[in-house]
Amino acid sequence: QGIPAPVPLDWRHKLLDWLLIAAFGLATVAFPVITVQAITLSQVPWIGVMVALYALLSLAAFARRLPYVIRSLALLIGLGSVALLGFMRVGYQVGPGTGSALIVILSGLLLGRRAMLGAFALTLCAIPLVGWYTHATGGEFINPTVNDPTQLANWWRVAAVYALFTGVLAAAVSFVV
């Protein structure tokens, strides 16, 4: 009577499938915008990094026979790397911070409490380390025009980053509610 129904054991697998499809779809739109707006001609190798991250998300989304942990890590690494690269290219803006928070939340949902705490520690340490690196190199990777609010392109890039990270988070929440 008052006993709740047992939770299916495979809810995390279903959540992962849902998140990977959402991340793939959102990345298909967001990655080109992010790449074009945040990468300057002097930093062309970053395009290869974005292509590799997109390939990683694509592989995890469609190679469903890969082990669950591998697919989960591919999602977390793909999105987390975009957040980390964001800190390196645009500094301490809200997009990379939102991406870092997303990684912490998804780590907990997909891999449990220890993974969540590990992701929190890792992302927390990464922020001042990127700051140290930026300071030590004189900001060699910072795109000099990304913080100019009079440039419409920056607003499009921020919208794309917001859509990617918040869209994946909304997909996680919509799975539960």
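## Re the environment of L110
On the secondary structure map, L110 appears in helix α4 (residues 94-111). Between the alpha carbons of L110 and L76 there is a distance of 9.6 Å; along the sequence they are 34 residues apart.

## Some remarks on the pattern of salt bridges
Enumeration over the complete set of coordinates arrives at 3 salt bridges. D10 is the partner of K14 in a salt bridge, and the nearest nitrogen-oxygen pair spans 3.9 Å. Relative accessible area serves as the criterion here: at 46%, K14 is assigned to the partly exposed category. For D17, the salt bridge is made with R64, and the minimal N-O distance between the two is 2.4 Å. Of the two residues, D17 is situated in helix α1 (residues 11-38) and R64 in the loop between α2 (45-62) and α3 (68-90); the sequence distance between them amounts to 47 residues. Taking the relative accessible area as the measure of exposure, D17 reaches 18% and is therefore buried. A cluster of three or more residues bridged by salt bridges with shared partners is formed by D17, R64 and R71.

## A short note on the packing of aromatic side chains
This model, assessed by the stated rule, comprises 3 aromatic pairs. A network of ring pairs unites the aromatic residues F24, F31, Y54 and F62 as a single cluster.

## Quick word on a nonpolar patch on the surface
A cluster of nonpolar side chains, contributed by W18, V173, F175, V176 and V177, occupies part of the molecular surface with about 510 Å² of accessible area. When residues of the nonpolar patch are assigned to their parent elements, the largest contribution, 3 residues, is made by helix α6 (residues 152-176). Within the secondary structure, V177 sits in the segment after α6.

## Points about the environment of A63
As for its placement among the helices and strands, A63 is situated in the loop between α2 and α3. Taking relative accessible area as the criterion, A63 reaches 22% and is therefore assigned partly exposed. For the pair A63 and V177, spaced 114 residues apart in sequence, the C-alpha to C-alpha distance is 27 Å.

## Some remarks on helix α5 (residues 113-136)
In this model, α5 (24 residues) spans 35 Å end to end at C-alpha, consistent with the 34 Å of a helix rising 1.5 Å per residue. The inward-facing, buried residues of α5 contact α3 and α4. The positive-phi residue at the C-terminal boundary of α5 is G138, with phi of around 70°.

Conventions adopted
Residues numbered from 1 in each chain as written. Predicted model: local features only at pLDDT ≥ 70, side-chain atom pairs only at ≥ 80, totals over all residues. Heavy atoms only, no water. Helix = DSSP H or I, 4+ residues; strand = E, 2+ residues; numbered from the N terminus. Salt bridge = Lys/Arg side-chain N within 4 Å of Asp/Glu carboxyl O. Buried < 20%, exposed > 50% of the residue type's maximum accessible area, 1.4 Å probe, protein only. Phe/Tyr/Trp six-rings, centres within 6.5 Å; stacked < 30°, edge-to-face > 60°. Patch = residues over 30% accessible without salt bridge, like charges linked within 9 Å, V, L, I, M, F, W, Y side chains within 5 Å. Areas by Shrake-Rupley, 256 points an atom, 1.4 Å probe, with all protein chains shown as cover. Expected span 1.5 Å × (residues − 1). Contact = heavy atoms within 4.5 Å.

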